[in-house]
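Chain by chain, the residues:
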Amino acid sequence: MVAMDMPRLAGDRRRRGQMLAVLLGLAVLVVAVLSMGHGASGVSAVGVLSDWLAGREIARADRIIVLDIRLPRLLTGLLVGASLAVAGAVMQGLFRNPLADPGLLGVSAGAGFGAIAAIVLGGMLPAAIAALTGWYLVPLAAFLCGWITMLALYAIATRQGRTSIATMLLAGIAIAAMVGAASGLIVYYANDAQLRDLTFWSMGSLAGSSWIKLAAAGPVMALSLIAAPCLARALNGLALGEAAAAHVGIRVERAKTAAMLTTAGAVGAAVAVSGGIGFVGIVVPHLLRLICGPDHRWLLVNSALLGARVLVLADMVSRTAIAPAELPIGIITAIMGGPFFTWVLLSNRKMLDG
């Protein structure tokens, strides 16, 4: 009886994952349309689109608001939310822990250090380098420092061609602490204007979104999102343990390396353009595990869709709650994710107490 029921349960989970993907896809479209139509300005995106389709002239101010402010901000929010959620799902699968977070690898801390250094020390760069980097300086520094952190972590955790997950976790915590101390030292020398920028950036925001920043970080996030589903089979195998995964033909070391590279690319690029946004990477995939199960073939896809929806929705709240002023997105995601994470801890208290 049990043997007969197991395939049926697996099939139910698969159908549930497929249905959820369709529903989340529609929800993302709805939120995207609402995001384009709402803001501190009363400009209607539908009206601008109607004028464009009808061949009527579009007011310059309306075109700037819709096409140069709201649209790149929407696309950035979709990519950042999807990247953080997928990175969380990959990390939870890699560490075999549903409460793992993308920040475990220290990539977020490394990217934050790069951005802080660029904001505070960018004025000391030679004029030629400053002119060459321009608006790319902060996201470029954040992305490069995130990748350098990941490479250092990989070098520490890898020995004789094998990467230790336990060493990776402990090294990530240590590296994050050291990078955090270095960031604090730089912040100590920041002036008042720089401190305001750092405070807003550290809490996460899409206010500075532009086509330039999207062109710089968007391809990296997109490639990470495309690569993540290719890890689904390996992550499903790793759920059984490394020995069992190797027994069924999974190249464990290659899978772990690919998972780290994917996470580093997604998180590094996301932090570079949006700053520190918490809870999306841990709450979204954990919630989806409760709904559609741990099968990464659907978990990764649904995480991308739900993460995109959550972040765009949080961005809508952040820029309309106290308009024309704007709240950092990190505050909104913490308000939404904090109670849920507390509920998860309370509901799993017996398991955590061992």
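One can find the structure itself at the top, above this paragraph.
Notes on the structure in this doc start here. Along every chain, residues carry numbers that run from 1 in the direction the sequence is written. At least 70 in pLDDT is required for a residue's local features to be given in this predicted model, at least 80 for side-chain atom pairs to be given and counted, and no such filter applies to totals for whole chains, interfaces and linings, which use all residues. Side-chain numbers here rest on the full set of heavy atoms in the structure, without hydrogens or water.

**A word on the overall build of the protein**
We count a stretch as a helix when DSSP gives it H or I for four or more residues in a row; a strand needs E for two or more, and each element gets its number in order from the N terminus. For the protein, the helix and strand inventory stands at 16 helices and two strands. In the protein, buried positions account for 44% of the 354 residues. Two residues qualify as a contact provided that any one of their heavy atoms is within 4.5 Å of a heavy atom in the partner residue. A fraction of 78% describes how many contacts in the protein between residues 6 or more apart in sequence connect residues 24 or more apart. Here the protein has roughly 17,700 Å² of accessible surface; of this, 70% comes from carbon and sulfur atoms. The rule is simple: take the accessible area with a 1.4 Å probe, protein chains only, and divide by the maximum for that residue type; under 20% is buried, over 50% is exposed, in between is partly exposed. Only the protein chains shown count as cover for residues, with accessible areas throughout obtained via the Shrake-Rupley method and a probe of 1.4 Å.

**Topic: the packing of helix H4 (residues 107–121) against helix H7 (residues 165–188)**
For any two helices packed against each other, one specifies the crossing angle of their axes together with the interaxial distance. Structural elements are reduced to axes, namely lines fitted to C-alpha atoms, with helices fitted over the stretch in contact, and the angle between N-to-C directions of any two is expressed from 0 to 180 degrees. Packing of H4 against H7 brings their axes to within 9 Å, and their N-to-C directions diverge by 15°. By the angle between their directions, the pair H4 and H7 is classed as roughly parallel. Crossing of H4 over H7 shows left-handed handedness. Contacts between H4 and H7 pair Ala109, Gly110, Phe113, Ile116, Ala117, Val120 and Leu121 from the former with Ala176, Val179, Ala182, Ser183, Ile186 and Val187 from the latter. Each residue is assigned to one class: nonpolar for Ala, Val, Leu, Ile, Met, Phe, Trp, Tyr, Cys and Pro, charged for Asp, Glu, Lys and Arg, and polar for all the others, Gly among them. When its residues are assigned to classes, the contact of H4 with H7 shows 11 nonpolar, two polar and no charged. In these notes the angle categories are as follows: under 35 degrees is roughly parallel, over 145 is roughly antiparallel, 65 to 115 is roughly perpendicular, and the rest is oblique. Here is the rule for handedness: rotate from the far helix to the near one, and if that takes an anticlockwise turn smaller than a right angle the crossing is left-handed, while a clockwise turn gives right-handed.

**Section: the nonpolar core**
Formed by 66 residues in total, the largest nonpolar core has its most connected members in Val80, Val90, Leu94, Leu105, Met168 and Leu288. By residue number, the principal contributor to this core is helix H12 (residues 252–274), which donates 12 residues. When residues no more than four places from it in sequence are discounted, the contact partners of Val80 are Met221, Ala270, Val273, Ser274, Ile277 and Leu311. Among the buried residues, those of types Ala, Val, Leu, Ile, Met, Phe, Trp, Tyr and Cys that are joined through side-chain atoms within 4.5 Å form a nonpolar core.

Fair warning: the whole summary comes from geometry, so function is off the table for now.
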